[in-house]
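So the chains spell out like this:
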Amino acid sequence: MNKSHIRLNKTTREWVIYAPNRGQRPQDFQQENIVQEQVESHSPNCPFCTGNEERLGGILLEKQNPENTNWQVRVIPNKFPALTPEGNTDRKLEGIYLTMPGYGRHEVIIENADHSKDIPTMSIQEVEIIIDTYHQRYIELMEIDESMMVIIFRNHGKKAGASLRHPHSQIIATSIVPQHRRWQEEEAQRYYDEFGRCLYCEILAFEKQNKTRVIEENSSFLAFIPFAAKAPFEIWIMPKEHQGDFGSISDQEKSDFALILKNILTKLSEKLNDPDYNYVINTAARYKAEEPQVHWYCLIEPRLTTPAGFEIASGIRINPSLPELDAEFLTAT
């Protein structure tokens, strides 16, 4: 197991090279040289903090905190959107090339009025409000006819692309389905056509039985490091019940998702000294949600390594850390 070897990601058919002999053990990713800065609960220069509402460009949705004493979550239009609702979805040719307007929606979910809070330091009730907001905006954006896909994601730290410290997530509705998503759907379809079973349910059942890569479990979700993790401490949080669409989760599942997400991010923060990370909710594209081969899940990828020349040229990731050892490290008491 300590020798270099290659694993296949069954969901994408991508190979991942494991090179533990490159010298990095799980504890080597703790970022001991990073000193955590003291963050105040309010920043006069932060556009997301109370008192700076004129800098928001409007509030699309607001939810109260658990004590009902102040706002907790606000949904606002992104000031620098990747996509905008103006225009249409018409394609046109420019010579031999295809183009279309940048149509869609891009919103920011401000997760807390407190500038210093993050998901690991929030109460479970506060995290439940965030998940409920995700779900509500997902449903509303998917009701727009032109929305082919809604992507919910969170960038934490500069390496992950976060430009502001204030806790926030983002949600983008697109009028196209990217090839990356189609690729995963097609692989799941091929597996279902061949075996008559959902590939993700098969992975879930195996990981639950095998246990060597499991991080945490509750009544609705299993969190584990995938067999062919492309990066150290990559984690999947997957619903135990077969569901293609994030929009179909129940109230109980929202609470269970909030709990396991908070616990996993707390483990990463405590064990790795609050690493930069991205998480994304991978869910079905429009018209795929009810098909038996698709299964939504939350992907968390800490930004602990940087792809280099070979990875860029080949498309093959090199992971210096073994999933089994990463899982053992995170679950050790």
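Residues numbered from 1 in each chain as written. Predicted model: local features only at pLDDT ≥ 70, side-chain atom pairs only at ≥ 80, totals over all residues. Heavy atoms only, no water.

1. Describing the overall build of the protein
Phase 1 of the analysis: In terms of helices and strands, the protein carries 6 helices and 15 strands.
Phase 2 of the analysis: A compact globule built from 333 residues would reach a C-alpha radius of gyration of about 20 Å, and the protein, at 20 Å, matches this within 12%.
Phase 3 of the analysis: Across its three principal axes, the protein shows a C-alpha extent of roughly 55 × 50 × 40 Å.
Phase 4 of the analysis: Here the contacts in the protein between residues at least 6 apart in sequence split such that 67% fall between residues at least 24 apart.
Phase 5 of the analysis: Averaged over its 36 positive side-chain charges, the protein has a centre that lies 5 Å from the centre of its 48 negative ones. (Helix = DSSP H or I, 4+ residues; strand = E, 2+ residues; numbered from the N terminus. Rg over C-alpha atoms; globule rule 2.2 N^0.38 Å. Contact = heavy atoms within 4.5 Å. Lys, Arg positive; Asp, Glu negative; His and termini not counted. Charge placed at Lys NZ, Arg CZ, Asp CG, Glu CD.)

2. Here's the deal with the UniProt feature "active site" (unreviewed entry) in the protein
Phase 1 of the analysis: Within this numbering scheme, the UniProt entry marks His 168 as carrying the feature "active site" (unreviewed entry).
Phase 2 of the analysis: Note that His 168 resides in strand 9 (residues 168–174).
Phase 3 of the analysis: Non-local contacts of His 168, meaning those with residues more than four positions away in its chain, are made with Phe 48, Val 108, Ile 109, Ile 110, Glu 111 and Arg 154.
Phase 4 of the analysis: Separated by 2.7 Å, the side chain of His 168 and the backbone oxygen of His 166 make a polar contact. (UniProt positions renumbered as here; feature names shortened; annotations may be inferred. Polar contact = N/O pair within 3.5 Å; in protein donor to acceptor, adjacent residues only side chain to side chain.)

3. Focus on the sheet that holds strand 11 (residues 221–224)
Consider a sheet: its strands pair through backbone hydrogen bonds, and that pairing is either parallel or antiparallel.
Phase 1 of the analysis: Ordered in space as 3-4-7-9-8-13-14-12-11-10, the 10 strands form an open sheet in which the pairing is antiparallel. Pairing within the sheet leaves two strands with one partner each, and these edge strands are strand 3 (61–64) and strand 10 (214–217). Geometrically, the sheet is characterised by an average inter-axis angle of 15° between neighbouring strands, direction not taken into account.
Phase 2 of the analysis: Pairing of strand 8 (residues 149–156) with strand 13 (residues 277–282), which is carried by 5 bridges, proceeds in the antiparallel orientation. Bridge assignment links Ile 152 to a residue of strand 13, and that residue is Ile 281. (Pairing = 2+ DSSP bridges. Axes fitted to C-alpha atoms, helices over the stretch in contact; angles between N-to-C directions.)

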